[in-house]
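# Geometric and topological summary
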Amino acid sequence: MNTLIEQVKTEIAYLGYSQSTCKSYCEHLLKLSHYFNKPLDLITDDELNIFFKDPAIRKLSRASQKAHQPNGVCIAKPV
């Protein structure tokens, strides 16, 4: 497993957080790594901004996705 994820696991255990918190944090870090298909330590600040602005990641409703598009046009397919 990624050494940064191992460090997070160690820190979470040290702080006394629950196993479910540890699992959640590590799953999100893996999701981030897979999203860019690169190790966590190579992901840039700009890439992090892209990741967190992605409506699919943020699980926004279609109405919210439309509101967050620069031109106001919804890019999601109609249901």
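Keep in mind it's a predicted model, so treat the numbers as computed, not measured.

Scanning the entire structure with this criterion turns up 0 disulfides. Here Cys 22 stays unpaired: no disulfide links it, and the sulfur of Cys 26, its closest cysteine neighbor, is 4.2 Å away. Of the residues examined, Cys 22 reaches a relative accessible area of 10% and is grouped as buried. Judged by its relative accessible area of 7%, Cys 26 is buried.

One finds Ile 5, Ile 12, Cys 22, Cys 26, Leu 32, Phe 36, Leu 40, Ile 43, Phe 51 and Ile 57 forming the largest nonpolar core, which totals 10 residues. Those elements that place two or more of their residues in this core are helix H1 (3-15) and helix H2 (19-36). Per element, the largest residue contribution to this core is 4 residues, and it comes from H2. In contact with Ile 43, not counting residues within four places along its chain, are Leu 32, Ser 33, Phe 36, Lys 38 and Leu 48.

Procedures and definitions
Residues numbered from 1 in each chain as written. Predicted model: local features only at pLDDT ≥ 70, side-chain atom pairs only at ≥ 80, totals over all residues. Heavy atoms only, no water. Disulfide = S-S within 2.5 Å. Buried < 20%, exposed > 50% of the residue type's maximum accessible area, 1.4 Å probe, protein only. Core = buried A, V, L, I, M, F, W, Y, C linked by side-chain atoms within 4.5 Å. Helix = DSSP H or I, 4+ residues; strand = E, 2+ residues; numbered from the N terminus. Contact = heavy atoms within 4.5 Å.

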